[in-house]
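Results of the structural survey
Next come the chains, spelled out residue by residue.
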Amino acid sequence: MHMYDILAKKREGLALSREEIEFFIRGFTAGEIPDYQASALLMAICIQGMDERETADLTLSMAHSGEMADLSQIPGIKGDKHSTGGVGDKTTLIVGPLAAACGVVVAKMSGRGLGYTGGTIDKLESIPGFSTQQSPQRFAQIAEEVGVCIVGQSGELAPADKKLYALRDVTATVESIPLIASSIMSKKLAGGSDCILLDVKTGSGAFMKTLEESVQLAQAMVSIGARAGRKTAALITDMDHPLGRAVGNALEVEEACQVLCGEGPGDLRALSVELAAWMAWMAGKAPSLEEARALAEEKLRDGSALERFCRMVQAQGGDPSVAEHPERLPKAAVSLAVLAPKDGWLCRVDTREVGRASVVLGAGRETRESALDYGAGIRFAKVLGDPVRQGEPLGWVYASTEGRAQEGARLLAGALEIGERPPEKRPLFYAAITEKGTQRL
């Protein structure tokens, strides 16, 4: 088998065999296939696409390029939730404990943020003492005893994906649904969970900007999960404005704790309950989605989810008192208010620009080596559709220096548009995708 022949075949739009895909992934991961040939294949895939079988074969080859987590030693049905990324998306901090309270075992490997999309691991590490690095034995023990444990991804988890993504990032081959789907699902399959729920974002702050693109990506990932023998579903949810009212690591932990304590923003609470309900239903903890929603609501209301969160934090070395004492979380030295320039309604939020502002403030990374300021970020006083009066705060920025705060405030002000009338209300949920098909919500 020769790489030249594989390149020529895909260039002509023909489907690659499983053996050809495995040959490529094995050789590229081992360093036997040079970057220029790998880049040529990635470009051919971007242009010619891949069918469902090819995409599934690519995903499985990538998943098996390194370690495959074995969660079989942990009793119960293991569930995982993955978001395609967004601004202010702290749902894992709520959904993990809430799903655990519903009876799902959440033994989850999460990633760090890069750019304007925050990472769950970064948020958790803003809790004093919290360790996202646990031995496999301790990881399994916490998951079994508490019902939820969230750790950083192993360096050996789907190494082919890490190498391929580095190439895609510099060869304009990121925006390909087969390549995006295989990248996400290879790590999810290697993570070892029985059920996989995908939260696919759509809107200005999402990777997929249109509903059509988001549905296509969700369908591709659900198909991959089904072919791999994993129960998989996806929800298409809104990311045309930040989720909740906080952006930034410690600020988002505080807001997640507010929801776990029965308060917090309505959109964040509604999304978290729905995601946890789907996980409970997929894991067989409720006979219907309606009953799963009722179960999730009950576990949030009676304090069971909060208790699971605190037990997880304590088991992983953190200070569980932050749930009710947010003043113990890291705080920024400087805060500035961003004021409304005129009367009207907050009619548009450029979510990507909000994310850029958070990076400038220190809450996100410009490179993988960038240091984070856990107390930095943004807190909104107004959200999309709210009436505003000239001179009142639209929100506040938090940073370690006056210069960072001023630049972040300038970017945030530019991301918020005041109009003469309220905007059309956008739904929080757009569609649900399962192995049986797509249902518009």
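Quick note: structure is the one above.
Treat the numbers as computed from the prediction; the structure is a model and nothing was measured. (Residues numbered from 1 in each chain as written. Predicted model: local features only at pLDDT ≥ 70, side-chain atom pairs only at ≥ 80, totals over all residues. Heavy atoms only, no water.)

1. Focus: the overall build of the chain
Of regular secondary structure, the chain possesses 16 helices and 14 strands. Relative to the globule expectation of 22 Å for 441 residues, the C-alpha radius of gyration of the chain, 22 Å, shows essentially globular dimensions. Along the first, second and third principal axes, the C-alpha atoms of the chain reach 70 × 45 × 40 Å. Going through the 441 residues of the chain one by one, you find that 55% of them count as buried. Relative to all contacts within the chain whose residues are 6 or more apart in sequence, the contacts with residues 24 or more apart total 77%. Of the roughly 18100 Å² of accessible surface on the chain, 49% is carried by carbon and sulfur atoms. In the chain, 49 positive and 58 negative side-chain charges are present, and the distance between their average locations comes to 1 Å. (Helix = DSSP H or I, 4+ residues; strand = E, 2+ residues; numbered from the N terminus. Rg over C-alpha atoms; globule rule 2.2 N^0.38 Å. Buried < 20%, exposed > 50% of the residue type's maximum accessible area, 1.4 Å probe, protein only. Contact = heavy atoms within 4.5 Å. Areas by Shrake-Rupley, 256 points an atom, 1.4 Å probe, with all protein chains shown as cover. Lys, Arg positive; Asp, Glu negative; His and termini not counted. Charge placed at Lys NZ, Arg CZ, Asp CG, Glu CD.)

2. A few points about the pattern of salt bridges
Going through the model one piece at a time under the given rule, you end up with 26 salt bridges. The partner of Glu-52 in a salt bridge is Arg-227, and the shortest N-O contact between them spans 3.9 Å. Here Glu-52, found in helix H4 (residues 52-63), pairs with Arg-227, found in helix H10 (residues 211-227); they are 175 residues apart in sequence, far enough to count as distant. On the basis of relative accessibility, which here comes to 47%, the residue Arg-227 falls in the partly exposed class. Notably, a salt bridge pairs Glu-297 with Arg-269, separated by 3.0 Å at the nearest N-O pair. Note that Glu-297 is positioned in helix H13 (residues 289-301) and Arg-269 in helix H12 (residues 266-282), a separation of 28 residues in sequence. By relative accessible area, which is 27% here, Glu-297 ends up partly exposed. Residue Arg-269 is classed as partly exposed on the basis of its relative accessible area, which comes to 24%. (Salt bridge = Lys/Arg side-chain N within 4 Å of Asp/Glu carboxyl O.)

3. Here we look at helix H11 (residues 249-260)
In this model H11 runs 17 Å from its N-terminal to its C-terminal C-alpha over 12 residues, within 8% of the 16 Å that 1.5 Å per residue would give. Counting buried positions over the 12 residues of H11 gives 11, a clear majority of the element. Listed as buried for H11 are Asn-249, Ala-250, Leu-251, Glu-252, Val-253, Glu-254, Glu-255, Ala-256, Cys-257, Val-259 and Leu-260. (Expected span 1.5 Å × (residues − 1).)

4. Let's talk about the sheet that holds strand S13 (residues 429-434)
Strand order in the open sheet formed by 5 strands is S1-S4-S5-S13-S14, and the pairing between neighbours is mixed. Among the strands making up the open sheet, the edge pair consists of strand S1 (79-83) and strand S14 (437-440). Neighbour to neighbour, the strand axes of the sheet diverge by 15° on average, direction disregarded. Along the sheet face, helix H9 (residues 177-190) touches S1, strand S4 (195-202) and strand S5 (231-238) and points at about 155° away from the line of S4. (Pairing = 2+ DSSP bridges. Axes fitted to C-alpha atoms, helices over the stretch in contact; angles between N-to-C directions.)

5. Quick word on the environment of Ala-315
Take Ala-315: it is sitting in helix H14 (residues 304-315). Accessibility expressed as a relative area gives 22% for Ala-315, which makes it partly exposed. In sequence terms Ala-315 and Ser-131 are 184 residues apart; their C-alpha atoms lie 9.2 Å from each other. Not counting chain neighbours up to four residues away, the residues in contact with Ala-315 comprise Arg-138, Ile-142 and Val-146.

6. Focus on the packing of aromatic side chains
Throughout the structure, instances matching the rule amount to 2 aromatic pairs. Here the aromatic rings of Trp-278 and Trp-281 are separated by 5.5 Å at their centres, their planes lie at 90°, and the arrangement is edge-to-face. Of the two residues, Trp-278 and Trp-281 both sit in helix H12, 3 residues apart, roughly one turn of that helix. In this structure Trp-281 comes out as partly exposed when scored by relative accessible area, which is 31%. The cationic tip of Lys-163 hangs over the ring face of Phe-28; the distance from NZ or CZ to the ring centre is 4.6 Å. Positioned above the aromatic ring of Trp-281 is the side chain of Lys-231, whose terminal nitrogen or guanidinium carbon lies 5.9 Å from the ring centre. (Phe/Tyr/Trp six-rings, centres within 6.5 Å; stacked < 30°, edge-to-face > 60°. Lys NZ or Arg CZ within 6 Å of the ring centre and 35° of its normal.)

7. With respect to the side chain of Glu-20
Within the secondary structure layout, Glu-20 lies in helix H2 (residues 18-29). Filtering out sequence-adjacent residues up to four positions away, Glu-20 remains in contact with Met-1, Ile-6 and Lys-9.

In short, the description is geometric, and any link to function would need to be established separately.
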